[in-house]
Protein chains: 2
Amino acid sequence: MQINDKSKPTLHTILTPSLLELYEIKDSVVVIIDVFRATSTMATALYNGATKIIPVDSAEHCIEMGKQTGGITAGERDGKIIPGLAYGNSPSEYPRSFIENKTLVITTTNGTKLLHMALNQGAKEIVTGSFPNLTKVVEFLKAQNAPVILGCSGWKNRFNIEDALFAGAVIEEIKDQFTIHCDSSFMANQLYNQHKDNLSEYIKTVTHWHRLAAYGLEDDMQYCITKDIAPALPIFKSGALVNQG
Amino acid sequence: MQINDKSKPTLHTILTPSLLELYEIKDSVVVIIDVFRATSTMATALYNGATKIIPVDSAEHCIEMGKQTGGITAGERDGKIIPGLAYGNSPSEYPRSFIENKTLVITTTNGTKLLHMALNQGAKEIVTGSFPNLTKVVEFLKAQNAPVILGCSGWKNRFNIEDALFAGAVIEEIKDQFTIHCDSSFMANQLYNQHKDNLSEYIKTVTHWHRLAAYGLEDDMQYCITKDIAPALPIFKSGALVNQG
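Residues numbered from 1 in each chain as written. Chains lettered and ligands numbered in written order. Predicted model: local features only at pLDDT ≥ 70, side-chain atom pairs only at ≥ 80, totals over all residues.

### Examining the overall build of chain A
Scanning chain A from N- to C-terminus turns up 10 helices and 10 strands. Over its C-alpha trace chain A gives a radius of gyration of 17 Å, about what one expects of a compact globule, namely 18 Å for 245 residues. In terms of its C-alpha atoms, chain A occupies a principal-axis envelope of roughly 50 × 40 × 30 Å. With 245 residues in all, chain A has 55% of them scored as buried. If you take every contact in chain A between residues at least 6 apart in sequence, the share linking residues at least 24 apart comes to 78%. (Helix = DSSP H or I, 4+ residues; strand = E, 2+ residues; numbered from the N terminus. Rg over C-alpha atoms; globule rule 2.2 N^0.38 Å. Buried ≥ 20, exposed ≤ 12 C-beta atoms within 10 Å, placed from the backbone. Contact = placed C-beta atoms within 7 Å.)

And the structure:
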């Protein structure tokens, strides 16, 4: 890893939204990571032709924005569709035949919160990342020449492994172009390298796997750790995520 | 790791003090971890015969308590002894010939803060841990039959690797006796196992190593990752850490 090369922009990994305030967000490119399943679903919906995705922070706001935009409302709590919304958080719900040319209004437990925090703190650009759009994220970050924040959504503000794994995968691809002096980034990258050749088995050991497997979502989760299966780049512009990829 | 064995007490790892509020601390045994160097120094001072250690949260409080108790005042900021205090945070400053039968009043950047947070939230017992007293901590936790919180002090509320490594070392020794459903604990244990056979080289890659090596503290840090070199058990009783080991 690069330690002190001042000519390269910095890269930091934020392990949970609770730690965001400790980092300099202003003018950074922020990658919102919520592997299970918000950012995997966002990449999928845009790859399959959704016009835009409006991320919102509450079910009430979701219903209201659904009415205003004529969009599809989506959101889950504890693995079930929230009453009043129409669809859930599963990428499998958004094939091209359904989502093309539609607006998706989505509320999620973890990812949306982090996105709004980054927005309020003056991020230069905000994109969302997960394994289904890994290479799109990597290519975007390489082209920016700006400080990078890899923002893990975690689970109810706690650290989770699957988001750190994705941060580690990104770091593996771009570390030569950044100054990295951040133990969270070192750890994430080492964790990813330790398990990258066995990801589909290893992922079954993490706490969120057990939580979502109880709802029968194993196939969803395996999709969410599949690289480049939905190569879109969700980027936040004027209140919505659109596909820049 | 155990996932759902309700007959065993739980174990969680808290990666930085910023995350403490997310966990149930009340009635738990809390291990305060600040490998570089507060909890390594505390084990050393008590092992070498200090009567007690009073951890305080500010230099002003340290000076005041030093006067009240006749104790030795100690504390550093940015690698230097704080003006008005007498000694620093290095374990090498506290050999038996100096510290035996004396009271140490110490303020530290990270560890003391976490200790007071755990105290305020009603921890059942608070002990301090680092590699120099690893086995003492492990034996104590095995004997308690109570929920365990491994509390990493981190660095200025950010995650650091050396504290997670120690948490992982503790988990490696006690995981069969606890219910662990905590990604932070899984990660810490995997990180430790990945690097345990090469700890003295690996530790040179972490950010805090670079920060403290700039002050010439390499030997101090190698001491702080040496297992069982100061086998004391600092336990918090009536406002001070005493040796229960």
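### As for the environment of A:Gly151
Residue and element names in this part refer to chain A. With respect to the secondary-structure elements, glycine 151 resides in strand β8 (residues 148-152). Separated by 131 residues in the primary sequence, glycine 151 and leucine 20 place their C-alpha atoms 7.9 Å from one another. Apart from residues no more than four positions distant in its own chain, glycine 151 is found in contact with Ile14, Leu20, Val30, Val31, Ile32, Ile33, Leu114 and Ala118.

### Quick notes on the relation of the copies chain A and chain B
The transform that puts chain A on chain B rotates by 180° and translates by 0.0 Å along the axis, for an RMSD of 0.0 Å. Classification of the inter-copy transformation places it as that of a two-fold axis. (Least-squares fit on C-alpha atoms with pLDDT ≥ 70 in both.)

### Thoughts on helix α2 (residues 59-69) of chain A
Residues and elements named next belong to chain A. Among the residues of α2, those classed as buried are Cys62, Ile63, Met65 and Gly66. Structurally, α2 contributes buried residues whose contacts are with β3 (52-56), β4 (72-77) and β6 (103-107). Taken from the residues just after α2, glycine 70 is the one with a positive phi, measuring 70°.

### Some remarks on the environment of A:Thr73
Residues and elements named next belong to chain A. Take threonine 73: it is sitting in strand β4. Looking at threonine 73, the number of C-beta atoms within 10 Å reads 25, which means it is buried. Each C-alpha atom, one on threonine 73 and one on tryptophan 209, is 25 Å from the other, the two residues being 136 residues apart in sequence.

### Observations regarding the packing of helix α6 (residues 161-174) of chain A against helix α7 (residues 183-195) of chain A
Residues and elements named next belong to chain A. Interhelical geometry of α6 versus α7 gives an angle of 90° and a closest axis separation of 7 Å. The angle between the axes of α6 and α7 places the two elements in the roughly perpendicular class. Of the residues in α7, those in contact with Ala164, Leu165, Ala167, Gly168, Ala169, Ile171 and Glu172 of α6 are Ser185, Ala188, Asn189, Leu191, Tyr192, Asn193 and His195. Within the contact of α6 with α7, the residues separate by chemical class into eight nonpolar, five polar and one charged. (Axes fitted to C-alpha atoms, helices over the stretch in contact; angles between N-to-C directions. Parallel < 35°, antiparallel > 145°, perpendicular 65-115°, else oblique. Nonpolar A, V, L, I, M, F, W, Y, C, P; charged D, E, K, R; others polar.)

### Here's the deal with the packing of helix α5 (residues 134-144) of chain B against helix α6 (residues 161-174) of chain B
Residues and elements named next belong to chain B. Here α5 crosses α6 at 50°, and the two axes come no closer than 10 Å. As far as their axial angle goes, α6 and α5 are oblique. Once α5 is placed against α6, the crossing between them reads as right-handed. In this structure, α5 contributes Leu134, Val137, Val138, Leu141 and Lys142 to the contact, and α6 contributes Ala169, Val170, Glu173 and Ile174. Across the contact of α5 with α6, the residue classes break down as seven nonpolar, no polar and two charged. (Left-handed = near helix turned anticlockwise from the far one by under 90°.)

### Regarding the pairing of strand β7 (residues 125-129) of chain A
Residues and elements named next belong to chain A. With respect to burial, β7 is a largely interior element, four of its five residues being buried. Taken together, the five bridges between strand β2 (residues 29-33) and β7 define a ladder with parallel strand orientation. Residue pairing for β7: valine 31 is matched across the bridge by valine 127. (Pairing = 2+ DSSP bridges.)

### Notes on the interface of chain A and chain B
Contacts between the two partners involve 24 residues from chain A and, on the opposite side, 24 residues from chain B. Broken down by secondary-structure element, the contributors of at least two residues to the side of chain A that touches chain B are α7 and α9 (207-213) of chain A. Of the residues in the side of chain A that touches chain B, the class split is 11 nonpolar, 11 polar and two charged.

### Thoughts on the pairing of strand β1 (residues 11-14) of chain A
Residue and element names in this part refer to chain A. What you see with β1 is no split at all: Leu11 and Thr13 on one side and His12 and Ile14 on the other are buried throughout. Inspection of the sheet shows β1 paired to β8 by four bridges, in the parallel sense. Residue pairing in the sheet places histidine 12 in a bridge with isoleucine 149 of β8.

### Quick word on the confidence of the model for chain A
Per-chain confidence: chain A averages 94 in pLDDT, with 98% of residues scoring 70 or above. The ipTM assigned to the predicted complex is 0.94, against a pTM of 0.95. (pLDDT = per-residue confidence, 0-100.)

### Quick notes on the environment of B:Thr10
Residue and element names in this part refer to chain B. Within the secondary structure, threonine 10 sits in the segment before β1 (11-14). Looking at threonine 10, the number of C-beta atoms within 10 Å reads 19, which means it is partly exposed. Residues threonine 10 and threonine 179, spaced 169 residues apart in sequence, show a C-alpha to C-alpha distance of 4.6 Å. The residues touching threonine 10, leaving out its near neighbours within four places in the chain, are Pro147, Phe178 and Thr179.

### Observations concerning α6(B)
Residues and elements named next belong to chain B. Taking 1.5 Å per residue as the helical rise, α6 with its 14 residues ought to reach 20 Å, and the 20 Å between its terminal C-alpha atoms agrees with that figure. Among the 14 residues in α6, 11 count as buried, and that is most of the element. Taken together, the buried positions of α6 are occupied by Ile161, Glu162, Asp163, Ala164, Leu165, Phe166, Ala167, Gly168, Ala169, Val170 and Ile171. (Expected span 1.5 Å × (residues − 1).)

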